[in-house]
Amino acid sequence: MFYGPGDLRMEEQPRPKPGPGEVLVQVAAATTCGTDVKTFRRGHPLLFRQVPAGFGHEVSGVVAEIGAGITTVREGDAVAIANSAPCYQCFYCRRGRYSLCEDLLLLNGAYAEYILVPERIVQHNLHRLAPSTSFIAAALAEPLACALHGVEASEIQAGNTVVILGSGPLGLLLTAAAALRGARVILTGRGEERLNLGRHFGATLVLDVTQMTPLEQYEAIRQQTEEQRGADVAIEAIGTPETWQLAAQLTRPGGLVNLFGGCASGTQVQFETRPIHYSELTIKGVFHHTPTYYAQALHLITERKIDVEALISQRLPLASALDAINLLTQKKGVKYALLPPAYAHLLDAGAAPD
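Residues numbered from 1 in each chain as written. Predicted model: local features only at pLDDT ≥ 70, side-chain atom pairs only at ≥ 80, totals over all residues. Heavy atoms only, no water.

Draft legend 1. Local environment of a positive patch on the surface. A cluster of basic residues, Arg 41, Arg 42, Arg 190 and Lys 331, forms a positive patch at the surface. Mapped onto the secondary structure, Arg 42 falls in helix H1 (residues 34–42). (Patch = residues over 30% accessible without salt bridge, like charges linked within 9 Å, V, L, I, M, F, W, Y side chains within 5 Å. Areas by Shrake-Rupley, 256 points an atom, 1.4 Å probe, with all protein chains shown as cover. Salt bridge = Lys/Arg side-chain N within 4 Å of Asp/Glu carboxyl O. Lys, Arg positive; Asp, Glu negative; His and termini not counted. Charge placed at Lys NZ, Arg CZ, Asp CG, Glu CD. Helix = DSSP H or I, 4+ residues; strand = E, 2+ residues; numbered from the N terminus.)

Draft legend 2. Spatial organisation of the packing of helix H4 (residues 141–153) against helix H10 (residues 291–302). At their nearest, the axes of H4 and H10 sit 8 Å apart, and the two run at 115° to each other. In this view, H4 runs roughly perpendicular relative to H10, as classed from their interaxial angle. Here the hand of the crossing between H4 and H10 comes out right-handed. Residues Ala 141, Glu 142, Leu 144, Ala 145, Leu 148, His 149 and Glu 152 of H4 touch H10, and the partners they reach there are Tyr 293, Tyr 294, Gln 296, Ala 297, Leu 298, Leu 300 and Ile 301. Taken together, the residues that form the contact of H4 with H10 break down as 10 nonpolar, 2 polar and 2 charged. (Axes fitted to C-alpha atoms, helices over the stretch in contact; angles between N-to-C directions. Parallel < 35°, antiparallel > 145°, perpendicular 65-115°, else oblique. Left-handed = near helix turned anticlockwise from the far one by under 90°. Contact = heavy atoms within 4.5 Å. Nonpolar A, V, L, I, M, F, W, Y, C, P; charged D, E, K, R; others polar.)

Draft legend 3. Up close: H1. If you check which residues of H1 are buried, you get Asp 36, Val 37, Thr 39 and Phe 40. Burial along H1 is one-sided: seen end-on, the buried residues are contained in an arc of 165°. Among the structural elements, strand E1 (2–4), strand E2 (7–8), strand E3 (23–31) and helix H11 (321–329) are those in contact with the buried residues of H1. Among the residues trailing H1, Gly 43 stands out with phi positive, at a value near 80°. (Buried < 20%, exposed > 50% of the residue type's maximum accessible area, 1.4 Å probe, protein only. Arc of directions from axis to C-beta.)

Draft legend 4. Summary view of the nonpolar core. By size, the foremost hydrophobic cluster in this structure holds 59 residues, and its most contacted members are Phe 135, Leu 144, Ile 156, Leu 174, Ile 235 and Val 308. The greatest single-element share of this core, amounting to 8 residues, is contributed by H4. With sequence-adjacent residues up to four places away left out, Val 308 is seen in contact with Ala 137, Leu 140, Leu 144, Leu 173 and Ile 301. Counting 35 residues, the second-largest nonpolar core is a separate cluster that includes Leu 47, Val 73, Leu 107 and Tyr 336. (Core = buried A, V, L, I, M, F, W, Y, C linked by side-chain atoms within 4.5 Å.)

Spelled out as structure tokens, the structure:
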């Protein structure tokens, strides 16, 4: 349960009872997320409007109980659960901009033995798993969906040079999704584990920027682009003003800048106007995912097109949730899989549904 920044508590709660249209899922696997870490540090303006509240949002499991009117799943079905569903009624939904939904329903509480899935998510974003799909991999459909949204919005074509700033979990998944489109990916980051994963996910070139200033990064990256003109697409996946600015500087005339990494609330960034205007840069932000991208992500996982489980540094029991968050705040590991007691056998074994 999340009570506020720095205050995450393990508590006993009564098992929820599903109402009409709802589904109760016994959690098999939940995975940590960079957003969880940011939320633990400073709260979150969208995810937690009221506290205390359940924590975690990347999850899969088995249907334990269904409410009245449910026909799409049965008790015992292995499922993946997206953490949101749009309303399909508001101004933005009517225009197909579902990630901007004015009444976006968000689901938290993955770090638990059971999670109650509300009716709207049951209708639009609850998916049965193929028998061969790993629970841990299925939980990772949510961040992959965000990456797919980011790559689609970046209009990446085969043969493009794409620079991705940041080798965190989303930077790595963006790398995998861009490489799948046939792009030449230049990934920057820190830490041997993450940089090696960048190569695993298809980066053509990986740059360790641990000792580099922003100017040195700019020069090193531009040298790796055709005629040093810059990237066709630059995706910022860190969330700092400095790297937002760097992404714009690295993009060639006529290119696209994707400000994918979220900065802290209240942050302001300055851009030089001349290159944006005269170089006709496209600058956009990309947030979250949609039911379409979530379904695509689950398909890619099921078909083993992207090895999402390579992101998992370690499998831990659910009781170690706070330990996992603390490890990530110390920059140790990439992602952790949290397994409730009923699925403790997955700590050492394969993670396919039984």
